[in-house]
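Descriptive analysis of the structure
What follows is the residue order along each chain.
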Amino acid sequence: MKTFSEKIKEAREELKLNQQQLGELVGVSKRSIAAYETTDTKPRGNIARKLAAALQVSVDFLLNDEIIDPKYGIEKAPYIEEARERLGPKAAKEMDVLLEQNVALFAGGALDQEAKDAFFEAVMKAYLKCKEEARKTYGRKKETD
């Protein structure tokens, strides 16, 4: 079981990046990268997502010491980000939970990436449609003149 600090350093070294270069990719200082690698300091949401993208690993892998597969959950990322862009951080968390709970459907069987993507896309569309309908029905009413 590796810590966040160990995972950051190892992933950076695998990509042959120094701390300065990684900091530039993420938009933080070399000092911040050094702190991530040597202390228990973990970045908040947006920086964690940028770090994962720059290191070509999943956010789940970086932030959860129990996860040992660097690509664990990486296929969920585009769907979570779309939910974040369209509906905000709460929707991104809901989408993450929804997709994570449904990953169990793949257990014991081998689905190719195309099938997983089709499934995730269908879940995403259903989620967004339900949210949009709920906003129409239960959202704030606009004042009319």
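Calculation notes
Residues numbered from 1 in each chain as written. Predicted model: local features only at pLDDT ≥ 70, side-chain atom pairs only at ≥ 80, totals over all residues. Heavy atoms only, no water. Helix = DSSP H or I, 4+ residues; strand = E, 2+ residues; numbered from the N terminus. Buried < 20%, exposed > 50% of the residue type's maximum accessible area, 1.4 Å probe, protein only. Contact = heavy atoms within 4.5 Å. Arc of directions from axis to C-beta. Phe/Tyr/Trp six-rings, centres within 6.5 Å; stacked < 30°, edge-to-face > 60°. Lys NZ or Arg CZ within 6 Å of the ring centre and 35° of its normal. UniProt positions renumbered as here; feature names shortened; annotations may be inferred. Salt bridge = Lys/Arg side-chain N within 4 Å of Asp/Glu carboxyl O. Core = buried A, V, L, I, M, F, W, Y, C linked by side-chain atoms within 4.5 Å.

1. Comments concerning the overall build of the chain
Counting its regular elements, the chain contains 8 helices and 0 strands. Overall, the C-alpha framework of the chain stretches about 55 × 50 × 20 Å when taken along its three principal axes. Residue burial in the chain is summarised as follows: out of 145 residues, 30% are buried. Residue pairs at least 24 apart in sequence account for 50% of intrachain contacts in the chain once pairs closer than 6 positions are excluded.

2. Here we look at the side chain of Arg12
Among the structural elements, Arg12 can be located in helix α1 (residues 4–14). Judged by relative accessible area, Arg12 falls into the buried class, the value being 7%. For Arg12, the residues in contact, after removing those within four places along its chain, are Leu17, Asn18, Gln19, Leu22, Ile33, Glu37 and Leu55.

3. What about helix α3 (residues 30–38)?
Turning to α3, its buried residues are Ile33, Tyr36 and Glu37. Down the axis, α3 shows its buried residues gathered within 95 degrees of arc, on one side only. Opposite the buried face of α3, by more than 90 degrees, sit the exposed residues Arg31 and Thr38. Buried-residue contacts for α3 involve α1, α2 (19–26) and α4 (45–55).

4. Quick notes on the packing of aromatic side chains
Evaluation of the coordinates by the stated rule reveals 3 aromatic pairs. Both rings, one in Tyr79 and one in Phe120, keep their centres 5.8 Å apart while their planes meet at 65 degrees; by these two values the pair is edge-to-face. With a gap of 41 residues between them, Tyr79 in helix α6 (residues 77–87) and Phe120 in helix α8 (residues 113–138) connect regions that are remote in the sequence. Summarising the burial analysis for this pair, Tyr79 and Phe120 share the class buried. Between Phe119 and Phe120, the ring centres sit 6.1 Å apart and the planes meet at 55 degrees, which makes this aromatic pair tilted. Residue Phe120 is classed as buried on the basis of its relative accessible area of 0%. The ring of Phe61 carries Lys7 above its face, with NZ or CZ at 4.3 Å from the centroid.

5. Some thoughts on the UniProt feature "domain: HTH cro/C1-type" (unreviewed entry) in the chain
In this numbering, the UniProt entry assigns the feature "domain: HTH cro/C1-type" (unreviewed entry) to residues 8–62. As a span, residues 8–62 carries 71% helix and 0% strand, and end to end its C-alpha atoms are 7 Å apart.

6. Some remarks on the pattern of salt bridges
Overall, the coordinates contain 13 salt bridges when judged by the stated rule. Close ionic contact of Lys76 with Glu100 constitutes a salt bridge, the shortest N to O distance being 2.7 Å. In this pair, Lys76 is assigned in the loop between α5 (59–63) and α6 and Glu100 in helix α7 (residues 89–102), connecting sequence segments 24 residues apart. The exposure class assigned to Lys76 is buried, which follows from its relative accessible area of 1%. Lys136 is the salt-bridge partner of Glu133, the closest N and O atoms lying 3.5 Å from each other. Taken together, the positions of Glu133 and Lys136, both in helix α8 and 3 residues apart, correspond to about one turn of that helix. Residue class for Glu133 comes out partly exposed when judged on its relative accessible area of 34%.

7. Here we look at the nonpolar core
In terms of nonpolar packing, the biggest core is built from 16 residues, with Phe4, Ile8, Leu22, Leu51, Leu55, Val57 and Leu62 touching the most fellow members. Where this core is concerned, the elements lending two or more residues are α1, α2, α3, α4 and α5. Discounting chain neighbours no more than four positions away, the residues touching Leu51 are Phe4, Ile8, Leu22, Val26, Ile33, Tyr36, Pro43 and Leu62. Ranked by size, the runner-up nonpolar core spans 12 residues in total, among them Tyr79, Ala83, Ala92 and Val123.

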